[in-house]
Amino acid sequence: MDEAANFVEPDQPPASGILQSLNGLPEILKLGGTSLLIALIIHWYTSHKKRDSSALLTNGKVESLNGKVESLGDLRDRRRECDVDINAISIKDRLKSIERPKTKKTPANNITRRNYDNLQRDKDPEEVAKESRLAAKEKERIEERRRAKFPKEDESGQRLGSTDETSSKIQLKSQSAHPGLNGYYNWHSSVTSMYRMYAIPSKSQPAVLPIHPSSERGNVPVHIEVRNYTSRRIDVFWIDYKGNEKKKGSMQPHVGQWTQTTYIGHPWTFRTGDGEENVVLKYVPFRVIPSIGGMETLRDAEGLQRFAIHDVPEDNVSRVDGQSPACVVEDLVLPEPPLLHMFDYADPLRRALSLIEMNQAILWSTHQIRREDAIYHGKGVATAQMLLKLLKNICRHPVEPKYRRLRISNRRISETIYNTGGRGVLLALGFEEAYGNLECGGQVLSYDRINHFSEAMLLVQDALRLMEGGDSNSNSIQPTGADGFGRANFGYAGGMNL
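Model, not experiment: these values are computed from the prediction.

**Q** Whenever I open this one, the packing of aromatic side chains confuses me. Can you help?
**A** Given two aromatic rings, one states the distance between the centres and the angle between the planes to describe the pair. All told, the structure shown has 11 aromatic pairs when counted by the stated rule. Between the aromatic rings of tryptophan 187 and tryptophan 364, the centroid separation amounts to 6.0 Å while the plane-to-plane angle is 75 degrees, which identifies the pairing as edge-to-face. Here the residue tryptophan 187 occupies a position in helix α9 (residues 182-192), and tryptophan 364 occupies one in helix α11 (residues 355-375), the gap between them amounting to 177 residues. On the basis of relative accessibility, which here comes to 7%, the residue tryptophan 187 falls in the buried class. With a relative accessible area of 5%, tryptophan 364 lands in the buried category. Ring geometry for tyrosine 198 against tyrosine 283: centres 5.6 Å apart, planes inclined by 25 degrees, an arrangement best described as stacked. Here tyrosine 198 is found in strand β4 (residues 196-199), whereas its partner tyrosine 283 is found in strand β10 (residues 279-285), with 85 residues between them in sequence. Residue tyrosine 198 is classed as buried on the basis of its relative accessible area, which comes to 9%. Following the ring pairs from residue to residue traces out a cluster consisting of Tyr198, Trp258, Trp268, Phe270, Tyr283 and Phe307. Directly above the ring of phenylalanine 237 sits arginine 271, whose terminal nitrogen or CZ lies 5.7 Å from the centroid. The ring of tyrosine 418 is capped by arginine 423, whose NZ or CZ atom sits 4.0 Å from the centre of that ring.

**Q** Help me out: how do you make sense of α11 in this one?
**A** For an α-helix the count is 3.6 residues per turn, leaving residues at separations of three or four pointing the same way. Taking 1.5 Å of rise per residue, 21 residues should cover 30 Å, and α11 covers 31 Å from first to last C-alpha, within 8% of that figure. Within α11, 16 of the 21 residues are buried, leaving the element largely enclosed by the surrounding structure.

**Q** What's the story with the pairing of strand β9 (residues 268-271) in this structure? I'm lost.
**A** Side chains on a regular strand alternate between the two faces of the sheet. Residue alternation in β9 divides its side chains into two sets, Trp268 and Phe270 and Thr269 and Arg271, and both sets are buried. Where β9 meets β10, 4 bridges bridge the pair, whose relative direction is antiparallel. When the sheet's bridge partners are listed, phenylalanine 270 is paired in β10 with leucine 281.

**Q** For this particular structure, what's the right way to read the sheet that holds β4?
**A** Backbone-to-backbone hydrogen bonds join strands into a sheet, with any given pair of strands oriented parallel or antiparallel. Strands sit in the order β4-β10-β9-β6-β7 across an open sheet of 5 strands; the sheet is antiparallel. Across the chains shown, the open sheet's two edge strands, defined by having one partner strand only, are β4 and β7 (245-251). Across the sheet, the mean angle separating the axes of adjacent strands is 20 degrees when strand polarity is ignored. Summarising the sheet, β4 and β10 pair through 4 bridges and their orientation is antiparallel. Looking across to β10, one finds that alanine 199 is bridged to lysine 282.

**Q** Would you mind going over the packing of α11 against helix α15 (residues 447-468) with me for this structure?
**A** Angle between the axes and distance between the axes: these two values describe a pair of packed helices. At their nearest, the axes of α11 and α15 sit 10 Å apart, and the two run at 25 degrees to each other. Here α15 runs roughly parallel to α11, going by the angle between their axes. As for the relative orientation of α11 and α15, their crossing is right-handed in sense. Here α11 contributes Leu355, Met358, Asn359, Ile362, Leu363, Thr366, Ile369, Arg370 and Asp373 to the contact with α15, which in turn contributes His452, Glu455, Ala456, Leu459, Val460, Ala463, Leu466 and Met467. Residue composition of the contact of α11 with α15, by class: 11 nonpolar, 3 polar and 3 charged.

**Q** When you look at the packing of helix α12 (residues 379-396) against α15 in this model, what are you seeing that I'm missing?
**A** The contact between α12 and α15 brings their axes to 9 Å, and the two run at 155 degrees. The angle between α12 and α15 places the two elements in the roughly antiparallel class. Note that α12 runs across α15; the crossing there is left-handed. When α12 is examined against α15, the residues Gly380, Val381, Ala384, Gln385, Leu387, Leu388, Leu391, Lys392, Ile394 and Cys395 are found in contact with a partner set consisting of Ile450, Phe453, Ser454, Ala456, Met457, Val460, Gln461, Leu464, Met467 and Glu468.

**Q** What should I look at first to understand the pattern of salt bridges in this one?
**A** Pairs can form between side chains of opposite charge whenever their charged atoms are close. Enumeration according to the criterion identifies 17 salt bridges in this entry. Across the salt bridge formed by aspartate 311 and arginine 232, the nearest N and O atoms sit 3.5 Å from each other. Residue aspartate 311 is found in the loop between β12 (302-310) and β13 (316-317), and its partner arginine 232 is found in the loop between β5 (221-228) and β6 (234-239); the two are separated by 79 residues along the sequence. Accessibility expressed as a relative area gives 31% for aspartate 311, which makes it partly exposed. One salt bridge connects arginine 405 with glutamate 439, and the closest N-O pair in it is separated by 3.0 Å. Within this pair, whereas arginine 405 is found in strand β16 (residues 405-407), its partner glutamate 439 is found in strand β18 (residues 437-439), the two being separated by 34 residues in sequence. Beyond isolated ion pairs, a larger network of salt bridges with shared partners links Arg196, Asp331 and Glu336.

**Q** What's the story with α9 in this structure? I'm lost.
**A** Tyr184, Tyr185, Trp187, His188, Val191 and Thr192 are the residues of α9 that are buried. Projected down its long axis, α9 shows its buried positions confined to an angular sector of 160 degrees, all on one face. Looking at the buried side of α9, the elements it contacts are β4, α11 and α14 (422-428).

Reading guide: rules and limits
Residues numbered from 1 in each chain as written. Predicted model: local features only at pLDDT ≥ 70, side-chain atom pairs only at ≥ 80, totals over all residues. Heavy atoms only, no water. Phe/Tyr/Trp six-rings, centres within 6.5 Å; stacked < 30°, edge-to-face > 60°. Helix = DSSP H or I, 4+ residues; strand = E, 2+ residues; numbered from the N terminus. Buried < 20%, exposed > 50% of the residue type's maximum accessible area, 1.4 Å probe, protein only. Lys NZ or Arg CZ within 6 Å of the ring centre and 35° of its normal. Expected span 1.5 Å × (residues − 1). Pairing = 2+ DSSP bridges. Axes fitted to C-alpha atoms, helices over the stretch in contact; angles between N-to-C directions. Parallel < 35°, antiparallel > 145°, perpendicular 65-115°, else oblique. Left-handed = near helix turned anticlockwise from the far one by under 90°. Contact = heavy atoms within 4.5 Å. Nonpolar A, V, L, I, M, F, W, Y, C, P; charged D, E, K, R; others polar. Salt bridge = Lys/Arg side-chain N within 4 Å of Asp/Glu carboxyl O. Arc of directions from axis to C-beta.

Shown next, in the form of structure tokens:
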């Protein structure tokens, strides 16, 4: 046992006296003593050997990085002079002591506007005048650069010509010629179907009401006036809540008239005899039409919808499927697309565009803008103002395609144009939807199409004048349900009668 305790490896020296004394202490005391010793060494070094970061100590003197040698006493005096109470210095003196970099900007660089104004009051008038001249020269230089980029301008600053490279790089996807009114009629059908639906059968397709095969219990009344100008006797049937037809009256040929107060969401069938083949028209009112001046749809505080049924002229077909419909519906407020002669339908060039139809489409779109303004006051005015701005820019810059490309995702375009009657005006003028944009014409707009835009501006200006001048549509009492909530089972005006 004794030999094992006194055994020492041959290649290790024997422990010294201090280490032998430490061997008898606990391990934690060893670690604590070692840590304390290291801390004392670091404290002694930092308190006695600390050097300034910008100087080197050599033989009792300080040699700064710029090569100037100073004694330690001079260094302490200089530091003592800098130890001044910062609160005793005024803001003005602090700002004066700031050495700002020399730039071409105004002296207000890097300081607040209030302090800059305080400095300007104390400046020499000559110095202020000098700065004003420099600012005027800088402004003139910027103006010259802008004029070099846009050489042609009018007095209002509106650019008449541009050398901007981005404008020449825009390639429109729309046709150079007017594409026709198919895009407008698709939009027109979607808008008018929010208020009413006419399902007219043809030889190959029966009349179908895809939404309301039966009546709904609503409490928004609608007064209907129908005239029969056909050569046949027409019977009128109401489709009840179970989908069964109940006869409500008949109209004699040529001069017959039928009036009825019904409710929104109630379908009606007009037929000349029994059987589905004798159905002339299926009709359902979906929503009360707002009333405007010249297109009144109000009767005793109730909504009013009028239409007439005519025979189809010979050799006339529908522009949708080229088939001859069972009748023609004449609705002055929400008109149906006009029929085409079969020869015009067969020739795409002949049915591409009719100036009369285009003007009627623009006029109806302005009426729709007025209806929107009658319900949401100010919305139609904003739409008309935006339209005038767009049309003026297009007429002033017929060679710049950037004015004829409107991004649909733009918030202002979406709110004032795309989701309003302004969209109908642009579609009637030949705008096409392509890749999220509304585009019109090729790289250069033709002279005829510029005339179309000019005539459209006159119609929009007339509508704007009526809305801004206190048109009767903005001040008159609107029928119940014209606020857009007048649909059965939808909104407070069309609540269900349970």
